[in-house]
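# Descriptive structure summary
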Amino acid sequence: MATWLIYALLAAVCAAAISIFGKIGMQGLNADIATAARSVVQAAFVVVFVLTMGGLQHIAALRDRPLALSMVILSGVAGGLSWIFGFRALQLAAVSQVSPIDKLSVPIAVVLSVILLGDRPSGMNWLGVGMIAVGAYFASLPRG
């Protein structure tokens, strides 16, 4: 199995755990406070990971590449907003309703990658992206 695929599958499993642990942990808490606490823990965890893996030596590369740094900053802002909105949604609805809608990020990302990055998905890729969008719709329908 390709290394990228292993990492992608592990990311998916960890992302799924976010919703489950977050839904359980937010009971009786303000969603924004829960998001802030999660963000602090996540930031600390990633910093310790980078230090452990010896990645700190590469920090100067950000200083030398202002466009890369600004895109990393925007990515962080987008991620933070995603968590804020996602935790608010989880506080109001079931994980089984919120998570499929959250996964609409996949078709949105593919469309944006075509427009902004010049990616060229195949017809089969587009079919899969369409199926994700349709599946998100069906999975989020009211129960009963």
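Note: the structure precedes this text.
Residues numbered from 1 in each chain as written. Predicted model: local features only at pLDDT ≥ 70, side-chain atom pairs only at ≥ 80, totals over all residues. Heavy atoms only, no water.

Between helix α2 (residues 31–53) and helix α4 (residues 66–92), the shortest axis-to-axis distance is 9 Å and the interhelical angle comes to 135°. Accordingly, the angle class assigned to the pair α2 and α4 is oblique. Handedness of the α2/α4 crossing: right-handed. Contact residues: Ala31, Asp32, Ala34, Thr35, Arg38, Ser39 and Gln42 in α2; Trp83, Ile84, Phe87, Arg88 and Gln91 in α4. Here the residues of the contact of α2 with α4 are counted per class, giving 5 nonpolar, 4 polar and 3 charged. (Axes fitted to C-alpha atoms, helices over the stretch in contact; angles between N-to-C directions. Helix = DSSP H or I, 4+ residues; strand = E, 2+ residues; numbered from the N terminus. Parallel < 35°, antiparallel > 145°, perpendicular 65-115°, else oblique. Left-handed = near helix turned anticlockwise from the far one by under 90°. Contact = heavy atoms within 4.5 Å. Nonpolar A, V, L, I, M, F, W, Y, C, P; charged D, E, K, R; others polar.)

As for its placement among the helices and strands, Ser113 is situated in helix α6 (residues 105–117). In contact with Ser113, not counting residues within four places along its chain, are Gly118 and Asp119.

This next bit is on the pattern of salt bridges. Going through the model one piece at a time under the given rule, you end up with 3 salt bridges. Between Asp32 and Arg88 there is a salt bridge, and its shortest N-O distance comes to 2.6 Å. One end of the pair, Asp32, is in helix α2; the other, Arg88, is in helix α4, and 56 residues separate them in sequence. Note on Asp32: relative accessible area 30%, which makes it partly exposed. On the accessibility criterion, Arg88 (41% relative accessible area) is partly exposed. Asp64 is paired through a salt bridge with Arg63; the nearest N and O atoms lie 3.6 Å apart. The exposure class of Arg63 is exposed, given its relative accessible area of 62%. (Salt bridge = Lys/Arg side-chain N within 4 Å of Asp/Glu carboxyl O. Buried < 20%, exposed > 50% of the residue type's maximum accessible area, 1.4 Å probe, protein only.)

For the rest of this paragraph, the subject is the nonpolar core. Formed by Met26, Ala31, Ala34, Phe87, Leu90, Val95 and Val98, the largest nonpolar core amounts to 7 residues. Within the residue set of this core, elements represented by two or more residues are α2, α4 and α5 (95–102). The residues touching Met26, leaving out its near neighbours within four places in the chain, are Ala31, Ala34, Phe87, Leu90 and Gln91. (Core = buried A, V, L, I, M, F, W, Y, C linked by side-chain atoms within 4.5 Å.)

The next subject is α5. All of the buried residues in α5 are Val95, Val98, Ser99 and Pro100. Here the buried face of α5 lies against α1 (3–25), α4 and α7 (123–139).

With respect to the element layout, Ser140 can be found in the segment after α7. Every residue in contact with Ser140, bar those within four places of it in the chain, is listed here: Gln97 and Ile101.

Summarising the element assignment, Ile132 is placed in helix α7. Expressed as a C-alpha distance, the spacing of Ile132 and Ser75, which sit 57 residues apart in the sequence, is 23 Å. Those residues in contact with Ile132 that sit more than four places away from it in its chain are Lys103, Val106 and Pro107.

Where α4 meets α5, the axes come as close as 9 Å, and the angle between the chain directions of the two elements is 150°. Of the possible angle classes, the one that applies to α4 and α5 is roughly antiparallel. For α4 against α5, the interelement crossing comes out right-handed. Of the residues in α5, those touching α4 at Ser82, Gly86, Ala89 and Leu90 are Val95, Val98 and Asp102. Its residues placed into classes, the contact of α4 with α5 shows 4 nonpolar, 2 polar and 1 charged.

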